[in-house]
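Inside the fold
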Amino acid sequence: MKISFAPPFIDEDIIAEVVNTLKSGWITTGPKVKALEEEVAKLTGVPHVLCVNSWTSGAILILKWFGIKEGDEVIIPAYTYSATALAVLHCGGTPVMVDVKDDFTVDPEKIRQAITEKTKVIMPVDIAGLPCDYDSINQMVNLPEIKSLFHAHSENQKKLGRILILSDAAHSVGAFYNNKPAGSLTDITIFSFHAVKNITTAEGGAICINLPKPFNNEEEYKTMRLWTLNGQTKDAFTKSQGGGSSWKYDIIFQGLKINMPDICAALGLAQIRKYNTAILPERKRVAEQYHEFFSKREWAQLPITKDDTRTSSYHLYALRINNITEEQRDAMMISIAEDEVAVNVHFIPMPLLTLFKDLGYRIDDYPNAYHNYSREISLPIYPQLTAEQIDFICKSVEKAYKKII
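This section reports on the structure supplied with the text. (Residues numbered from 1 in each chain as written. Predicted model: local features only at pLDDT ≥ 70, side-chain atom pairs only at ≥ 80, totals over all residues. Heavy atoms only, no water.)

**Some thoughts on a nonpolar patch on the surface**
On the surface, Ile 10, Ile 15 and Val 19 cluster together into a nonpolar patch covering about 220 Å² of accessible area. Checked against the element boundaries, Ile 10 lands in the segment before helix 1 (12–24). For Ile 10, a relative accessible area of 42% corresponds to the partly exposed category. (Patch = residues over 30% accessible without salt bridge, like charges linked within 9 Å, V, L, I, M, F, W, Y side chains within 5 Å. Areas by Shrake-Rupley, 256 points an atom, 1.4 Å probe, with all protein chains shown as cover. Salt bridge = Lys/Arg side-chain N within 4 Å of Asp/Glu carboxyl O. Helix = DSSP H or I, 4+ residues; strand = E, 2+ residues; numbered from the N terminus. Buried < 20%, exposed > 50% of the residue type's maximum accessible area, 1.4 Å probe, protein only.)

Dropping the structure here:
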């Protein structure tokens, strides 16, 4: 039984939305992007959402907008995909890595220990779709002793007057923390709409703007939108409407070129309209069947998908195997692959990767990150999986465990 790891959810409604875009004669940034932004705003309760061509480019935009430069520090977990750190490096900043807790999320106490006078941003990561401890992090940056360490250099830093909280919510669209939806939990949140995400635009992302006063979030949205279009005052759709001087534009600052096109937005637009009724409940169904099987195996450590304050988006099913080594985990994955079941690992901690080792990061400084990684196997979780397929996956994992023990 051949089972893929994360195929996109594509049905006739999604195909029809894309075809509609192709027939409209407009495929780059235009009305479909705006419609998707409005749908994300409804899902999150955040009034201003900006779609971009990837999570990474969105993070670079926000870090540049906030004035991150050489010498500035951005605190991130060591256990995340490399894009979290690469966005910081692309802006000239220094990623300051800290360890995570047993639930994969960043440890607030480690964050606090890492804050210095150079800290400008904290970037928590919702691994597998489980929100971080945002109450602790949001309260931390407003403590007088922490605010006194903050030295503003850019206009936006002066306006905020404290460390910016930028949530890497690449995995957590549809998750909840204290009954509040992901996207509304910090100053800025960025979702990923990459091909393997719960909602996809093939490639893409969405920036949820939730800045406190004195920021005007609508004005910041307009400014950031210009940033996505090379700093140009009119997008191509506006210019195409014709008449008088509609073709005239100006370049008002050194922007980026990271806008999302309508042809991609169409995919996400059709998906998000049925996300809470068809896609997310089905992902939960798969997770619950895994829970039912593995909760009866003492060698399996189940991921947290719901607790007193958090509900996951069920993006990944990050199973951990108790009392095994990294080499044994790898052997299990080979065995599972022999059954034609595709599994994965999320993620290789960044200090294990050559780029970051060369920059001086050492995995010994992040014991929890390594302990989580060395035992983790991500199982397929998507709406198309049948109960029979899920049962086959479970039994393949169990067979692989028995083979190596």
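**Concerning the sheet that holds strand 8 (residues 188–192)**
Hydrogen bonds between backbone atoms are what pair the strands of a sheet, whose relative direction is either parallel or antiparallel. With mixed pairing, 7 strands are arranged side by side in an open sheet as 1-9-8-5-4-2-3. Where the open sheet ends on each side, the last strands, each with one partner, are strand 1 (48–52) and strand 3 (94–98). The sheet shows a mean angle of 25 degrees between the axes of neighbouring strands, taken without regard to direction. In this sheet, strand 4 (residues 119–122) lies alongside strand 2 (residues 73–77) in parallel orientation, the contact comprising 3 bridges. By the bridge assignment for strand 4, Ile 75 is matched with Ile 122. (Pairing = 2+ DSSP bridges. Axes fitted to C-alpha atoms, helices over the stretch in contact; angles between N-to-C directions.)

**A short note on the environment of Val 125**
With respect to the helices, strands and loops of the structure, Val 125 is situated in the loop between strand 4 and helix 6 (134–141). With 41 residues separating them in the primary sequence, Val 125 and Leu 166 have C-alpha atoms 9.1 Å apart.

**What to know about the nonpolar core**
Counting 135 residues, the largest nonpolar core has Ile 62, Leu 63, Ile 188, Tyr 290, Phe 294 and Leu 379 as its most contacted members. No other element matches helix 12 (residues 275–294), which puts 8 residues into this core. Residues contacting Phe 294, with those up to four places away along its chain left out, are Trp 299, Ala 300, Leu 302, Tyr 317, Leu 319, Leu 379, Cys 394 and Val 397. (Core = buried A, V, L, I, M, F, W, Y, C linked by side-chain atoms within 4.5 Å. Contact = heavy atoms within 4.5 Å.)

**As for the environment of Asp 235**
For Asp 235, the location among the structural elements is in the loop between helix 9 (217–227) and helix 10 (236–240). Owing to a relative accessible area of 7%, Asp 235 belongs among the buried residues under this scheme. The sequence separation of Asp 235 and Glu 326 amounts to 91 residues, and the corresponding C-alpha distance is 50 Å. Those residues within four positions of Asp 235 in sequence are excluded, and the remaining contacts are Arg 225 and Leu 229.

**Things to note about the sheet that holds strand 11 (residues 310–311)**
The 3 strands lie next to each other as 7-6-11, forming an open sheet whose pairing is antiparallel. In this open sheet, the two edge strands, each paired with only one partner strand, are strand 7 (180–181) and strand 11. For strand 6 (residues 176–177) and strand 7, the ladder comprises 2 bridges, and the chain directions are antiparallel. What sits directly across from Phe 176, in strand 7, is Pro 181.

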